[in-house]
Amino acid sequence: MQKSKRSQLFWLLLLIGIGSSVFMLYHRVAAERKAVHVACAISYDDVQLLCQTDQRSPASWLADLSAGGIHYLILTDENQAEAEPLAQAAGMEIARAGDTAKAGDAFLIPSAPPRGTKGYDIPAMPRGNKNVPLALVENYDRTGVVMPPEFNPDAWDGTMVKTLYMYDAYSYHYDPDVCENGNILFRAVTDRSMRLLVVTPLEYETGGVVADPAAYTDMLSALKERIARRGLTLGNTFSALDAPRANKILLGCSVLLPAALAVLFLCLVFPVTPLFENLMLLCSILAAAGGAFLVPGLLQKAVAFGTAVLAPCFAALMLGHICLRRETDVNRLPLPLRFIAALTALLFISLAGGLYIAALLATRLYMLEFAVFSGVKLAQLIPLAIAVLILAATLRHRPSSMRHKVPVAVIIVVILGVAAALTLLILRSGDNMIPVAKFELAARTWLEHTLYARPRTKEMLLAFPALALFLTANERQITLLEFPLGILAAVGSVSVVNTFCHIFTPVHISLIRTLLGAGIGLCLGFAGMAVFHLLLGKKQY
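The following paragraphs examine the structure supplied in this document. (Residues numbered from 1 in each chain as written. Predicted model: local features only at pLDDT ≥ 70, side-chain atom pairs only at ≥ 80, totals over all residues. Heavy atoms only, no water.)

**Focus on the overall build of the chain**
Right, on to step 1. Helices and strands together make up the secondary structure of the chain, namely 18 helices and ten strands.
Right, on to step 2. Looking at the chain as a whole, 52% of its 541 residues are labelled buried.
Right, on to step 3. Across the chain, every contact between residues at least 6 apart in sequence was considered, and the portion connecting residues at least 24 apart equals 79%.
Right, on to step 4. For the chain, the exposed area adds up to about 24,200 Å²; of that, 65% sits on carbon and sulfur atoms. (Helix = DSSP H or I, 4+ residues; strand = E, 2+ residues; numbered from the N terminus. Buried < 20%, exposed > 50% of the residue type's maximum accessible area, 1.4 Å probe, protein only. Contact = heavy atoms within 4.5 Å. Areas by Shrake-Rupley, 256 points an atom, 1.4 Å probe, with all protein chains shown as cover.)

**Thoughts on the pairing of strand β2 (residues 72-75)**
Right, on to step 1. Judged by which residues are buried, β2 turns out to be covered on both faces: Tyr 72 and Ile 74 on one side and Leu 73 and Leu 75 on the other are all buried.
Right, on to step 2. By the bridge criterion, three bridges tie strand β1 (residues 37-43) to β2 in an arrangement that is parallel. Pairing of Ile 42 across the sheet is with Leu 73, part of β2.
Right, on to step 3. After leaving β2, the chain enters helix α4 (residues 80-89) and then returns to the sheet as strand β3 (residues 93-97), a path that is right-handed. (Pairing = 2+ DSSP bridges. Right-handed = clockwise from strand over helix to strand, strands pointing away.)

**Structural notes on the environment of Ala 103**
Right, on to step 1. Residue placement: Ala 103 occurs in the loop between β4 (100-101) and β5 (108-109).
Right, on to step 2. A residue is classified by how much of its surface remains accessible, and Ala 103, at 67% relative accessible area, is exposed.
Right, on to step 3. Between the C-alpha atom of Ala 103 and that of Gly 128, which follows or precedes it by 25 residues, the distance is 8.5 Å.

**A short note on the packing of aromatic side chains**
Right, on to step 1. Enumeration according to the criterion identifies 15 aromatic pairs in this entry.
Right, on to step 2. Centre to centre, the rings of Tyr 72 and Phe 107 are 5.6 Å apart; their planes meet at 75 degrees, and the pair counts as edge-to-face. Pair noted here: Tyr 72 is in strand β2 and Phe 107 is in the loop between β4 and β5, with a separation of 35 residues, a long-range link.
Right, on to step 3. Using a relative accessible area of 0% as the deciding quantity, one classes Phe 107 as buried.
Right, on to step 4. Ring centres of Phe 151 and Trp 156 lie 5.5 Å apart, and the angle between their planes is 45 degrees; this geometry places the pair in the tilted category. Across this residue pair, the class does not change: Phe 151 and Trp 156 are buried.
Right, on to step 5. Taken together through their ring pairs, the aromatic side chains of Tyr 120, Tyr 140, Tyr 165, Tyr 167 and Tyr 170 make up a single cluster.
Right, on to step 6. The residue whose ring lies beneath Arg 6 is Phe 10, and the NZ or CZ to ring-centre distance is 6.0 Å.
Right, on to step 7. The cationic tip of Arg 226 hangs over the ring face of Phe 186; the distance from NZ or CZ to the ring centre is 3.9 Å. (Phe/Tyr/Trp six-rings, centres within 6.5 Å; stacked < 30°, edge-to-face > 60°. Lys NZ or Arg CZ within 6 Å of the ring centre and 35° of its normal.)

The structure is reproduced here in structure tokens:
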């Protein structure tokens, strides 16, 4: 790894990039902090389904649902004459399903799909009164919103509210003792920034519609109490997320930050002359300016992906530097303090990359979920592959006199554990991940009830403790263990950056989630160090 003095041009690009990114991040956080009101709605067609189940009248059901916390009744042009007087009698406001908003509507939402189908058909362009808020319904696959492809969120002058429609996958398997349906609503509000919840009839796991009004009242009452602890209110109004519009100048300026850091990474890995370094920096300026004005969408997507790869690569460089075992102030620290320092450095690198992505994608297109971060698996595989190369290149040059033996059984267990962890990481990432086991679902629920935000399992249980074991193996010069444990530690950086790629999650939730995971991982890492020392026996030189 090469060291050289950075040019003035590098520092200038770094300063411009940081300044514009902080500005973009500030406006995103400000918009998220204002969106604190959550409301519930139900369609009149679903109310009629409940009536068919228990033979009660729509007026009776609407009175119970209104008292239970549902404030809006969604009607259509066809049933308006019947439904509107009933809504008024129950003290509910009316909203409209379809593509034409009318004065007095609380919001406009696409017509609901037939029960039992997976998702909406593509609706027509919204028309009518533009003062009526648009309900942006998340699609069934959670990869966008139910809107025609030609809809441009930056060109829409009206308000838009992120909306969760309780598809069959969200409403079935009702169990009053667990109420996973309520957990789904809680995650939608806190983790996915939904501010309008369209409730549909719940279903028992054995089949059949839940026709007990208390089930809906209890579910929403518990939701109201839980989100109140997050500073949110469930009531008679909803917050429209005032996401920033895309700005080409800010985009071009912010892109200079990862561009400069990418050049720095190349200079640290390969021998590069100052002239060539400045030439790469000048080319990055031209690419940023041209991309921002000619293909802003492509530039935004490409740089977000590139940053998700670049930040963990810097973390891998840090791990490689540790393997060199050079005499530095940090390496002279006791092992527990060295673990704290290494974890802090890894978090700093990863959070810097994650927060930059959170700023770069702070536009209506991403915050309102018209688009999502793409290439999740690839953004995990590439930095891990680079981490393999960096650690392998560093460790292969270690003299044999610095390599100490360890019981074969310990090596096999560690390598198999790392392989299983990496396989699980890839399979459990993205939109088509393997299902979550029931015991893990119960653990997740417990963590959600106990902590402000549930930490990511791969960070607190795998990667951060593995960093402690990596440092232990490094101190004992056990090369065969350093390599797999270093790869597993690199997963922590990949995971932290990936957390902030979920743009629908508020920044403060992602930050708290990461810090909680680091705190738990720190404690488990100390425990792992103690166990590791017992397994390896007395240190020998």
